[in-house]
Amino acid sequence: MLQAFGPLRTTPAPLPDTSQTLSPQEQRVLRLLMADLSYPEIARELIVTINTVKTQVRSIYRKLGIHSRRELQTTIQRRRLF
């Protein structure tokens, strides 16, 4: 019965290359997130508002199919995207 559906995937599907998926600003935010900076620290570093950082983080999460910073760090490290 299982053969009818083909082989089971045991590894996660690869994420798209972040340089192709994320805007340059989102890539900067991603690097700062990976450096474990807080949203206010990221906002100061990039000279934007905290709301802008939140919007960009939501966009990054959506594009990468994740939901939290912990999931982001795990996914990036596991797939060596960063």
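Scroll up a little and you will see the structure.
Procedures and definitions
Sequence order as written defines residue numbering, which begins from 1 separately in each chain. Since the coordinates come from a predicted model, pLDDT governs what is reported: local features require at least 70, and pairs of side-chain atoms require 80 or more to be given and counted, while whole-chain, interface and lining totals use all residues. Computation of side-chain values: all heavy atoms of the structure, hydrogens and water removed. When a carboxyl oxygen of Asp or Glu lies within 4 Å of a side-chain nitrogen of Lys or Arg, that pair is called a salt bridge. Helix and strand labels come from DSSP, where a helix needs a run of H or I of at least four residues and a strand needs a run of E of at least two; each type is numbered from the N terminus. Each residue's exposure class comes from its accessible area (1.4 Å probe, protein chains only) as a fraction of the maximum for that residue type: buried when under 20%, exposed when over 50%, partly exposed otherwise. Relevant arc is that of directions from the helix axis to the C-beta atoms, nothing else. By definition in these notes, contact holds between two residues if any of their heavy atoms fall within 4.5 Å. Residues belong to one nonpolar core when they are buried, are Ala, Val, Leu, Ile, Met, Phe, Trp, Tyr or Cys, and are joined through side-chain atoms within 4.5 Å. Convention adopted: a line fitted to C-alpha atoms gives each axis, helices being fitted over their contacting stretch, and angles between N-to-C directions are expressed from 0 to 180 degrees. The cut-offs work like this: below 35 degrees is roughly parallel, past 145 is roughly antiparallel, 65 to 115 is roughly perpendicular, and the gaps in between are oblique. Under the grouping applied here, Gly and all other residues not named as nonpolar or charged are polar, the nonpolar ones being Ala, Val, Leu, Ile, Met, Phe, Trp, Tyr, Cys and Pro and the charged ones Asp, Glu, Lys and Arg.

> Any details on the pattern of salt bridges? Residues and values, ideally.
Once their charged atoms are close, side chains differing in charge can pair, the charge on each being opposite to the other. All chains considered together, the criterion is met by 2 salt bridges. With a closest N to O distance of 2.8 Å, lysine 63 and glutamate 26 form a salt bridge. Here glutamate 26 lies in helix α2 (residues 24-34) and lysine 63 lies in helix α4 (residues 50-64), a separation of 37 residues in the sequence. Taking the relative accessible area as the measure of exposure, glutamate 26 reaches 7% and is therefore buried. In this structure, arginine 69 and aspartate 36 form a salt bridge, with 3.5 Å as the shortest nitrogen-oxygen distance. Of this pair, arginine 69 sits in helix α5 (residues 69-79) while aspartate 36 is found in the loop between α2 and α3 (39-46), placing the two residues 33 residues apart along the sequence.

> So what's going on with α3? Which residues, and what values?
Every buried residue of α3 is accounted for by Ile42, Ala43 and Leu46. For α3, the arc enclosing every buried residue in end-on projection is 100 degrees, short of the 170-degree limit, so these residues lie on one face. Every exposed residue of α3 that faces more than 90 degrees away from the buried side is listed here: Arg44 and Glu45. Next to the buried residues of α3 lie α2 and α4. Of the residues trailing α3, isoleucine 47 is marked for its positive phi of about 55 degrees.

> So, the nonpolar core: which residues are in play, and what are the values?
Grouped together as the largest cluster of nonpolar side chains are 17 residues, with contacts concentrated most on Val29, Ile42, Ile60 and Leu72. Going through the elements one at a time, α2, α3, α4 and α5 are the ones with two or more residues in this core. Excluding residues that lie within four positions of it along the chain, isoleucine 42 makes contacts with Val29, Leu32, Leu33, Leu37 and Val53.

> Mind laying out the packing of α2 against α4, listing which residues take part and the relevant values?
Interaxial distance between α2 and α4 falls to 10 Å at its minimum, and their mutual angle equals 90 degrees. On the basis of their axis angle, the class for α2 and α4 is roughly perpendicular. The residues of α4 that touch α2, namely those facing Gln25, Glu26, Val29, Leu30 and Leu33, are Gln56, Val57, Ser59, Ile60 and Lys63. Considering only residue class, the contact of α2 with α4 consists of 5 nonpolar, 3 polar and 2 charged.

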